[in-house]
Amino acid sequence: MSLTVLTACIYAESELEMKFEKDLLGLKNLNEEQILYVIDTARKMKMLIDSPNKKSPQLQGKTIITLFYENSTRTRMSFELATKYMSGNAANISASGSSVAKGETLIDTGKTLDMMGTDIIVMRHPCSGAADLLAKNVRASVINAGDGMNEHPTQALLDFYTILEHKGHIRDLKIAIVGDIKHSRVARSNVYGLTRLGAKVFLCAPKTLIPPDMEKTGAIITTNLKEALDGAEVVMGLRIQKERQNSGLLSSVREYHKFFGLNEQSLKMADKDAYIMHPGPVNRGVELASNVMDGPLSLINEQVKNGVAIRMALLYILTRRSI
Ligand code: CP
């Protein structure tokens with residue numbers, strides 16, 4: 001498919017875009033049709049990333065601002081590149097380099113950006129619910145790039161896309177998510193979406209890293225790694241946030257790896273062809289052994305690439321819905 005055909009074909013599909021809300025705050029309220037539509041659009045967008053001329057006109061005249069109150073490599077850069085690949089105007093603000101450092105409130109910062117003609121604000125914030133608060137106070141669309149321990153919807157969407165590329169389906173797959181579930185917005189968004197798409201999701205962590213509310217999501221919660229990995233076709237590691245050790249939730253990262261680490265030995269319990277995923281950044285030797293991370297079944301690099309395609313799709317869909 002040429003890029004001209006790709007552009008025409010994407011432009012033709014506008015009916016479903018209108019079914020999206022102004023903002024993408026989480027996957028809790030996104031239905032299967034919407035999730036699959038984002039992934040289908042990303043599939044077309046991915047051609048552009050692979051092409052020698054990474055420029056298409058879909059975001060011409062649109063302005064996307066990334067507003068990050070926490071560190072990021074993958075999410076922030078992929079939104080910025082996604083915007084540039086589609087000819088949009090990209091700008092970034094980090095909390096330390098802005099008037100936030102002088103005490104400006106989130107709402108005031110949002111309204112200031114809104115007045116500058118911004119079409120989409122992509123925000124990461126340490127507080128759960130911050131993206132929702134911003135969305136209610138600005139005209140621009142808001143995409144949640146991670147809010148506290150709540151959700152990280154674009155990460156989960158790129159995870160689903162990567163699983164679909166390699167397994168062809170999600171329904172009835174056994175997917176084990178192992179790591180710091182308690183503090184993980186990635187785990188929450190994945191569970192909401194994967195259970196909606198029909199996967200059997202197992203969440204596994206030491207007892208201190210499992211939040212009480214996860215029982216209600218439809219996932220199976222366990223502290224037994226064997227139960228989680230037994231026959232799993234996809235195994236997703238989550239970052240063990242080293243700062244959590246200080247709060248007494250983990251005795252040591254070495255001990256964590258001994259009982260919950262994903263390595264050649266523990267992965268013998270999973271399906272022999274089980275794919276390995278991780279949202280990144282990875283603590284090598286803690287949640288994942290280095291040779292597993294770099295091994296033939298690791299999809300971690302694919303996740304990064306698909307992250308750009310998913311973010312291109314979302315920027316495109318949310319700017320189209322306002323036309
Ligand atoms: N997975 C993820 O959100 O990575 P970054 O923190 O680098 O954006």
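Calculation notes
Along each chain, residue indices are assigned from 1 in the same order as the chain's sequence is written. With the structure being a predicted model, the display of local features is reserved for residues of pLDDT at least 70 and the display and counting of side-chain atom pairs for 80 or more, all residues being used for whole-chain, interface and lining totals. Side-chain metrics rest on all non-hydrogen atoms present in the structure, leaving aside hydrogens and water. Here a residue counts as near a molecule or strand whenever at least one of its heavy atoms sits within 4 Å of it. The term polar contact refers here to a pair of N or O atoms within 3.5 Å; inside protein, the definition further demands a hydrogen-donor-capable atom paired with an acceptor-capable atom, and it admits residues adjacent in sequence only when both atoms are side-chain atoms. Note on areas: these come from Shrake-Rupley sampling with a 1.4 Å probe, and a residue is covered only by the protein chains present in the view. All the domain ranges listed were derived from an automatic or database domain assignment. In what follows, residue pairs with any heavy atoms lying within 4.5 Å of each other are defined as contacts. Put simply, buried area is the surface a 1.4 Å probe can reach on two separate parts but cannot reach once they are joined, added for both. Whenever a carboxyl oxygen of Asp or Glu lies within 4 Å of a side-chain nitrogen of Lys or Arg, that contact is scored as a salt bridge. At least two bridges found by DSSP between two strands are what make those strands a pair. Secondary structure elements are defined from DSSP: runs of H or I of at least 4 residues count as helices, runs of E of at least 2 residues count as strands, and each element is numbered from the N terminus. Only C-alpha atoms enter the line fits that serve as axes; for helices the fit covers just the stretch in contact. Angles between N-to-C directions range over 0 to 180 degrees. A 1.4 Å probe rolled over the protein chains alone gives each residue an accessible area, and that area as a share of the maximum for its type sets the label: buried under 20%, exposed over 50%, partly exposed in between.

**A word on the site of the ligand**
Step number 1: Taken together, Ser72, Thr73, Arg74, Thr75, Arg124, His152, Gln155, Pro279 and Gly280 make up all the residues around the ligand.
Step number 2: Side-chain polar atom of Gln155 to a nitrogen atom of the ligand: 3.0 Å apart, as the coordinates give it.
Step number 3: Between the ligand and Gly280 there is a distance of 3.1 Å, counted from a nitrogen atom to a backbone nitrogen or oxygen.
Step number 4: Within the complex, 91% of the 260 Å² of free accessible area of the ligand lies under protein.
Step number 5: In terms of domain composition, the shell around the ligand takes at least three residues from each of domain 1 (3-152 + 304-320) and domain 2 (154-241 + 250-300).

**Observations regarding the domain arrangement of the chain**
The accessible area lost on association of the parts is a frequent measure of interface size.
Step number 1: Assigned domains within the chain: domain 1 (3-152 + 304-320) and domain 2 (154-241 + 250-300).
Step number 2: With centres defined by C-alpha atoms, the gap from domain 1 to domain 2 works out at 26 Å.
Step number 3: Between domain 1 and domain 2, the contact holds 36 residues from the first and 26 residues from the second.
Step number 4: For the domain 1 and domain 2 pair, buried surface summed over both sides reaches about 2,500 Å², with 59% attributable to carbon and sulfur atoms.
Step number 5: Of all residues in domain 1, the largest losses of buried area upon contact with domain 2 belong to Leu27, Met149 and His152, amounting jointly to 26% of the total for that side.
Step number 6: Across the domain 1-domain 2 interface, the total number found is three salt bridges.

**A look at the sheet that holds strand β7 (residues 220-222)**
Step number 1: Read from one edge to the other, the open sheet built from five strands follows the order β7-β6-β5-β8-β9, with strand pairing classed as parallel. Across the chains shown, the open sheet's two edge strands, defined by having one partner strand only, are β7 and β9 (275-277). Neighbour-to-neighbour, the strand axes of this sheet turn through a mean angle of 20 degrees, independent of strand direction.
Step number 2: Two elements, strand β5 (residues 174-178) and strand β6 (residues 200-204), share five bridges in a ladder whose sense is parallel. The residue bridging Val178 from the neighbouring strand is Cys204, located in β6.
Step number 3: Most of the contacts of helix α7 (residues 185-196) go to β6, to which it runs at about 155 degrees, and overall it touches β5, β6 and β8 (234-237).

**With respect to the environment of Met149**
Step number 1: Assignment of secondary structure puts Met149 in the loop between β4 (141-147) and α6 (153-167).
Step number 2: Take Met149: its relative accessible area is 40%, and that puts it in the partly exposed class.
Step number 3: Considering only alpha carbons, one finds Met149 and Cys204, 55 residues apart in sequence, at a separation of 17 Å.
Step number 4: Ignoring anything within four residues of it in the chain, the contact list for Met149 reads Ser128, Lys182, His183, Ser184, Arg185 and Arg188.

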